[in-house]
Amino acid sequence: MTRLMPTHPKGWAYVQYPFADQLKKFALEWRIGGLFNAINRLRMMNHLRMGRFVGEDTNGNKYYENTNVAYGRSRWVEPRVPLVAFEMDKYYDSSQTTPEWHGWLHYVSDKPGPLMRSEFGQTWQTVHIQNPSMDRETAYHPPGHWKNKMPRGRLGPKYESWAAAGTETASRTRNFSDNSHTLQIE
């Protein structure tokens, strides 16, 4: 009987992280920051990996590498553990990874972040900031959004109808957010 579903590709290898390594990492996190830190790290990462510490960026993210696992899964970032128990998604966003480290993480280069900055950094480059939409208090809310009190209206008609050359159109400019008048369609 032939298979209805395709199998995994030939080069595919499921990466298993040994349980003993996960226990070692949990014990290490417990020693460094306490039980609360270790539990939050496990909640954030879903699994704990052991590897060689490569460096740290300005946001406090730590970068690791383990050359004993499959090529595409040998580099990872561990974000700073927030001091809150819930709503951890408010405190970490992937845009917090700086460009130098992003290239290393995605195998664009084998040089870690500080080496890339010293070799290819330009004087005109600005300091990396994270995507502001992650910060829910300062995110942009357009007019009409439920967090923005400004009404959404627009000034003037949505489009202007075509008129033959020499004739004038009778389009009035009207604030469509002001509903005190009804629109008369003729």
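What counts, and at which threshold
The numbers attached to residues start from 1 for each chain and follow its sequence in the written order. For a predicted model such as this one, the threshold for reporting local features is a pLDDT of at least 70, and the threshold for listing and counting side-chain atom pairs is 80 or more; totals across whole chains, interfaces and linings nevertheless cover every residue. Excluding hydrogens and water, the side-chain figures rest on all heavy atoms present in the structure. In this scheme, a residue with accessible area under 20% of its type's maximum is buried, one over 50% is exposed, and one in between is partly exposed, where area comes from a 1.4 Å probe on protein chains only. Helical segments are the DSSP runs of H or I of at least four residues, strand segments are the runs of E of at least two, and each set is numbered from the N terminus. At least two bridges found by DSSP between two strands is the condition for calling them paired. Here, axes are lines fitted to C-alpha atoms. For helices the fit covers the stretch in contact, and angles between N-to-C directions go from 0 to 180 degrees. Buried residues of nine kinds, namely Ala, Val, Leu, Ile, Met, Phe, Trp, Tyr and Cys, make up a nonpolar core once their side-chain atoms join them within 4.5 Å. Any pair of residues with heavy atoms lying within 4.5 Å of one another is described as a contacting pair. Exposure above 30% relative accessible area and the absence of a salt bridge qualify a residue for a patch, where like charges join within 9 Å and nonpolar side chains (Val, Leu, Ile, Met, Phe, Trp, Tyr) within 5 Å. All accessibility values rest on the Shrake-Rupley procedure with a 1.4 Å probe; residue burial counts only the protein chains present in the view. Any Lys or Arg side-chain nitrogen located within 4 Å of an Asp or Glu carboxyl oxygen qualifies as a salt bridge. Side-chain atoms alone can form a polar contact between residues adjacent in sequence; in general such a contact is a pair of N or O atoms within 3.5 Å, and within protein one must be able to donate a hydrogen while the other accepts it.

Caption draft 1: Local environment of the pairing of strand 3 (residues 75-78). Neither face of strand 3 is left uncovered, since the one carrying Arg 75 and Val 77 and the one carrying Trp 76 and Glu 78 both have all their residues buried. The pairing of strand 2 (residues 62-65) with strand 3 spans 4 bridges and is antiparallel. Looking at strand 3, one finds that Lys 62 is bridged to Glu 78.

Caption draft 2: Structural view of the sheet that holds strand 1 (residues 52-56). Overall, antiparallel pairing links the 3 strands, which are arranged 1-2-3 in an open sheet. Both outer strands of the open sheet, strand 1 and strand 3, are each paired with one neighbouring strand and no more. In this sheet, adjacent strand axes meet at a mean angle of 30° when their direction is disregarded. Examined bridge by bridge, strand 1 and strand 2 share 4 bridges and lie antiparallel to one another. What sits directly across from Phe 53, in strand 2, is Tyr 64.

Caption draft 3: Region of interest: the nonpolar core. Among the nonpolar cores identified, the biggest contains 5 residues, and these are Tyr 63, Val 77, Trp 101, Trp 104 and Leu 105. For this core, the element with the highest residue contribution is helix 3 (residues 99-105), accounting for 3 residues. Residues in contact with Leu 105, not counting those within four places in the same chain, are Tyr 63, Arg 75, Trp 76 and Val 77.

Caption draft 4: Structural context of a nonpolar patch on the surface. On the surface, Trp 30, Leu 35 and Ile 39 cluster together into a nonpolar patch covering about 280 Å² of accessible area. Structurally, Leu 35 is set in helix 2 (residues 35-45). Note on Leu 35: relative accessible area 39%, which makes it partly exposed.

Caption draft 5: Region of the structure containing the pattern of salt bridges. Tallied over the full model, the rule gives 7 salt bridges. Of the charged contacts, one joins Lys 25 and Glu 78 as a salt bridge, the two residues approaching to 3.4 Å between their closest N and O atoms. Here Lys 25, found in helix 1 (residues 19-33), pairs with Glu 78, found in strand 3; they are 53 residues apart in sequence, far enough to count as distant. Each member of the pair Lys 25 and Glu 78 is classed as buried.

Caption draft 6: Representation of the side chain of Glu 78 in the model. Residue class for Glu 78 comes out buried when judged on its relative accessible area of 3%. Of note is the side chain of Glu 78, whose polar atom sits 3.3 Å from the side chain of Trp 76. Beyond its immediate chain neighbours, meaning those up to four positions away, Glu 78 contacts Lys 25, Glu 29, Arg 41, Met 45, Arg 49, Asn 61, Lys 62 and Tyr 64.

Honestly, it's all geometry; don't read function into it.
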